[in-house]
Structures are given as structure tokens and as C-alpha cells.
Amino acid sequence: MFSKRKIINVIFLTIMVMILTQSSFVNGSTYEDSHPLRISQTKKVVFAQNNGYFSPTNAYSDLNDTFIAHGYDVEEIITGINATVLASTSILFVNTYQNDSFSANEITAIENFVYSGGGLIISFAGGGLDLGCKITNSLGILGNNDLEVYPHPITANIPVPIIATNSGYRNITLSASAQTIVSTDPGSDSPNATMIATNYYGEGKIMASTVATIWNNTVFANGGNDNLIENYLKWFEDDGIKNFVFAENNGYFSPTNASSELAHYIASFGYIITELIDQDPTETILSSTDILLINSYQETSGYSTDSLTAIEEWVANGGALIVVFRGIATDFGLHMYTIGQPDLLYTNETYHIFYHPVTSGITNITKSVQGSVAEFDLAESATVIVSTTANSTNPERPIIAVNNYDEGKVMASAIPLWDKNFDFDENKELMKNFIDWVTINTTTPSPWISTHPDISYNESSVGNNLTWTMESYYPYYFALLLDGEDYLSGTWSSLPLMVNIDGLLTGNYTFTIHIYDHYGRTASDTVLVTVTQVTGTTTTTSAPFSFLGTLLGVSMVISVTFYRRRKRN
């Protein structure tokens, strides 16, 4: 006889076994687990030759070596693609001569594999596969000079893929979610056809190519096509989908025109690039947008009230916005308006760059000699990071400013920094720093600084020091002010900072220290120093200030389990 307790235990264990052995179902078939597990535990590439000539140990051994160099095991199968084979596969590479070379069961197994997070690379024909990137019949002969490359993480830093001269090619019919990343040049003798495309299918990521020879040893490594695979692996292994939207709208800013260098640079950080032409940003568009760049010749940009409201709500809820040149009707504390003509423009030598994460490591801003200028009205919460200097021919004006708008971050520039006519290599670091700034891990504690008590000392005494202990995950910069004026500054690490303040004249002084981390988050402390006069004696004072400013050689252990009470205001 089973006791009630034993029966309950048997039922409990049965339920647990059912849960642990549960498989997900896609299109009526089972598949064991999703993309993150496969990446971390299996990391295997399977070459499916299947009625083709593709072999990792033959014409495409260089491609095989690239996968191995990135930690993937490589396996080749001739026939018999099924759920069992794909269960331990990360990426399936398919190359075929025929469009319909897979059976219905094989296609279902591949669909389920990709849907649950697998990576798929289709080369040349595709074996009857669709998945949003269906390769169709041959179109003709293609040469190396007939290609156009579009911004995408896979094409980052790739000018033009190399193919074997006079190779046959096909076209790719795309679903609404798929994206062309390489096409034939519309100006060439060949029709404008999609050569390489990508798509998201469920949790999986697909790259399809209509020219098999881009993987051939004769052009792969020497031609730079290995970067296509390098970039695909980065894109495939990135769990997050990041979207950068260019909103042209009455301006000339276009990732395929004046600012194509910027678009490709942004794509190198894993962003999918989208351009809005004659279309306002809407709530639907913004719901899948991480960073929005608006460039406009007009101060109001012509956006509808609904679109402006959607942008404002999106930023307030955590969106990242870049406004270039004139601004938009809703100002986010960074309203720009026109103030001058081309002869009022500033040269490169008239800029002053202030510390901020967006300007970290930047010593110069490049700008053309002529063009219109704009002025800012800044909210109290906004921060100027680049301005004209006080001794320029024009009054000091903000050129670039930033603001935290509720949960979001905004950067506004009065000059079109990233136009191809400017020195892109100088100004691209601003974009990199902005991306770093908006992707900060908000769970990381802000910097912390100890509270120093107010002190008083006699004018003739020595050995009077101010010492602070500072902690941060990302220490960067400190600024010490004396009565509101710049006094001492520099980079810092998580070590105590001691400043000697001997030699002050009789009076009251206010020392305020601000510390910053690499993301612009701050902490500060203020100390009141009273210096009393020596009575009955004559004293000779040295220069008003002498500073030791030395860092003690004592390492500080950064505490991640607790942070002391915040600074006083």
C-alpha cells in the first residue's frame, strides 16, 4: 500500500519530470531550447552541402577556419537535416544548386530551429527555404564593381564585398521585416537586385546571399569577405536588437547620402539603421527605436502635434534623441533657434570643450568655415558641453548641449557635425560617446565621496589638509573649486585625494569638490575652512595658496555591497 505522502511525492515528481522535459512547439513540431542556451553550451556550425558543392574542407576551408577561430565546432552533413541534428547546432550554413532540394520535413525542422533562436546562413539558392529571404531564379552575370552596400551590423566597416569576376547571381524576394544590406548598383548594366539580405525569424537571425563565390577561398580572406562572417557572428550572438532611426524631414541628413559614413559607423555598434523619408516619427515607429536622430532646416520641423507628443513621451520613457542644426518644436530643455548668417560662423579655434561623457577624450570639434548658426535656450537641468569662447568675435554661445529628460537622454547640436564635408574621423567620437552614455547600466551605483568636516586653523600653523575618499565603478574626473572658482582638477581613481591648504590668509573659504564617473554621474562635498589671525605677532604670509594635491599610495577596495550616506548639499 502506498501512503498518502508517497502518492503525493510520486505525483509531484511526475509533474516535475513533465516540466523539465517540456519542449517548445513551433508549427506543430518540437525543439528543445532557445538561442541563449545554444550559444553558451553548443556553439557548433553545421554545413549542409545538400546537392551542392559546398564543403568546409574543400573550396571553403578558409570560411571553416574562421568559424573555428571564433570557438565553433564545425560539422558537415550531406543529407538528413532533422531536429536531432539541429538540437546541438548554433548556426546552420546552407548552400545548394537547387531551389527545392529540401524535403518538407527538413524545411520544417530548419524553420523550427531558426524560430527558437538558431542562426541561418543561406548561400546561392537556399534549398526551398523562405523565412523572409527567398532566393529566386538566376538573373545574370555580376562583377565586382556592381554592388551597393547599406548600413547594417553585418556590413560595418565593409566598403564592398568581393566576388569572383563574372559570377552568376540571383535575386532575393524580401518579406516586410527583412532588410537588403547589399544590392546591385541601380546605375550598372544589371537590374537592381538584392544580393545579401537579413531577417529576424522568431528568435533567430538569417543572412542570405545570392552569390556563393563570396565565400570561396580565392576571394574570402584576401578580399575581406571574412569580415561579413565576423560581423554576422557578432550580430547573431548579440541578444539585444538595437535600432537607430534617421528622421530626415526637411533636412539633407541621410544615411545613404551626406552622412553615410556616420550610418556605417553606427552600424558597427550593432544597430539596425532605418531612415524615415517624408514620414513623421510615430508612436509605432518609436516603440522599436533606441536612438532617434532628427536633422531639420526648420525650427519646427513640420511635425504634427501627434508626432511631437509621441517623441516627447518616448524620450521621457527612456528614448535617446539627437537633434541637429535647428531643433524641433518641443524643446526638451534644449531649444534652438536661428541667430545668424554664414559670415557669423565660428572657426575650429573658437570652441571650448567642457567635461562630459559625450566629450570624453575629445580635444577638437571639426566644422566647416561657412554655414548658418543657431542659438540655444537651455533649461536649468541642461549642460553645455561645447561652446564658443568668450574671446571670439561673437558672444559665447552653446554649440552642443545635453539634457536628461525624465528617463531619456537628449543631445542637441547647433551645427551639422557629421556631414561628409566635415572631418568625420574627428567628430565620430562624439557619436560613440553618446551611444556609451545612453547605454549605461543604470543598476551600477553612482560615484560616492566621503563627507569632510568643516575645519578651522591658525594662520601660522602647518600640516592642514583636506582629504577625501572616493569610490566608483568608472572613476574619471574631479574638479576642486575655491569660492566657486576653478582651483584643482584632474583624473582620479578609487584612491584617497589629499590637498594641503597651508598658507591661506585670515578669512573664510569654501572648498567644493565634484567627482564624475565616465557616464557623467556626479557626487560632491563642500567644506568650510576658517583661517584665524595670529594675535600679538607679525606674520609673513607666503603666496595665497600652496597645494600638495598628492594621491596617497593606498589602494581602495571598491565596495559593491554598500554605499555610505550621500554627500551633504
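Before reading further, recall that the structure is shown in the block above.
No experiment lies behind these values; they were computed from the predicted model shown.

Student: Account for the pattern of salt bridges, with residues named and values stated.
Tutor: Taken as a whole, this structure holds two salt bridges when the rule is applied. The partner of Glu 75 in a salt bridge is Lys 44, and the shortest N-O contact between them spans 3.2 Å. On the criterion of sequence distance, the pair formed by Glu 75 in strand 4 (residues 73-77) and Lys 44 in strand 3 (residues 44-48) is long-range, its members being 31 residues apart. The class of Glu 75 is partly exposed, set by a relative accessible area of 32%.

Student: I'd like a rundown of the packing of helix 3 (residues 61-69) against helix 7 (residues 226-237), residues and numbers included.
Tutor: Relative to each other, helix 3 and helix 7 sit at 35 degrees, their axes nearing to 10 Å. Where helix 3 crosses over helix 7, the two elements pack in a sense that is right-handed. Facing Leu 63, Thr 66 and Phe 67 of helix 3, the residues of helix 7 in contact are Asp 226, Ile 229, Glu 230 and Leu 233. Looking at side-chain class alone, the contact of helix 3 with helix 7 contains four nonpolar, one polar and two charged residues.

Student: Requested: an account of the nonpolar core, with residues and values cited.
Tutor: One finds Leu 63, Phe 67, Trp 215, Ile 229 and Tyr 232 to be the most contacted residues of the largest nonpolar core, which totals 35 residues. Breaking this core down by element, the ones donating at least two residues are strand 3, helix 3, strand 5 (91-95), strand 8 (147-149), strand 10 (179-184), strand 11 (194-201) and helix 7. No other element matches helix 7, which puts six residues into this core. Setting aside its immediate chain neighbours within four residues, Tyr 232 contacts Ile 91, Gly 119, Leu 120, Ile 121, Ile 154, Lys 205, Ile 206 and Met 207. Residues Ile 362, Met 411, Trp 418 and Ile 435 belong to the second largest nonpolar core, which totals 32 residues.

Student: Tell me about the packing of aromatic side chains, and please be specific about residues and values.
Tutor: If you walk through the whole model with that rule in mind, you get 15 aromatic pairs. Measuring from centroid to centroid gives 6.3 Å for Phe 244 and Tyr 271, while their planes differ by 85 degrees, and the two rings are edge-to-face. Linking Phe 244 in strand 13 (residues 242-247) with Tyr 271 in strand 14 (residues 271-276), this pair joins segments that are 27 residues apart in sequence. Tyr 271 shares its class with Phe 244; the two are buried. With a centroid separation of 5.1 Å and 85 degrees between ring planes, the pair formed by Tyr 265 and Phe 269 is classed as edge-to-face.

Student: Account for unusual backbone geometry, naming residues and giving values.
Tutor: Here the phi dihedral of Leu 131 falls at roughly 50 degrees; this positive angle occurs in a residue that is not glycine. With respect to the element layout, Leu 131 can be found in the loop between strand 6 (119-123) and strand 7 (133-142). Even without being a glycine, Asp 406 presents a positive backbone phi close to 55 degrees. Looking at where Asp 406 falls in the secondary structure, it is placed in the loop between strand 21 (398-405) and strand 22 (408-413).

Student: So what about the sheet that holds strand 28 (residues 485-491)? Which residues, and what values?
Tutor: Taken together, the five strands give an open sheet; going across it, the order is 24-31-30-27-28, and neighbouring strands pair in mixed fashion. On the outer flanks of this sheet lie strand 24 (455-458) and strand 28, each paired with one strand and no other. When the angles between neighbouring strand axes are averaged without regard to direction, this sheet yields 20 degrees. By the bridge criterion, 10 bridges tie strand 30 (residues 507-517) to strand 31 (residues 522-532) in an arrangement that is antiparallel. Looking across to strand 31, one finds that Gly 507 is bridged to Val 531.

Rules and cut-offs
- Residues numbered from 1 in each chain as written.
- Predicted model: local features only at pLDDT ≥ 70, side-chain atom pairs only at ≥ 80, totals over all residues.
- Heavy atoms only, no water.
- Salt bridge = Lys/Arg side-chain N within 4 Å of Asp/Glu carboxyl O.
- Helix = DSSP H or I, 4+ residues; strand = E, 2+ residues; numbered from the N terminus.
- Buried < 20%, exposed > 50% of the residue type's maximum accessible area, 1.4 Å probe, protein only.
- Axes fitted to C-alpha atoms, helices over the stretch in contact; angles between N-to-C directions.
- Left-handed = near helix turned anticlockwise from the far one by under 90°.
- Contact = heavy atoms within 4.5 Å.
- Nonpolar A, V, L, I, M, F, W, Y, C, P; charged D, E, K, R; others polar.
- Core = buried A, V, L, I, M, F, W, Y, C linked by side-chain atoms within 4.5 Å.
- Phe/Tyr/Trp six-rings, centres within 6.5 Å; stacked < 30°, edge-to-face > 60°.
- Pairing = 2+ DSSP bridges.

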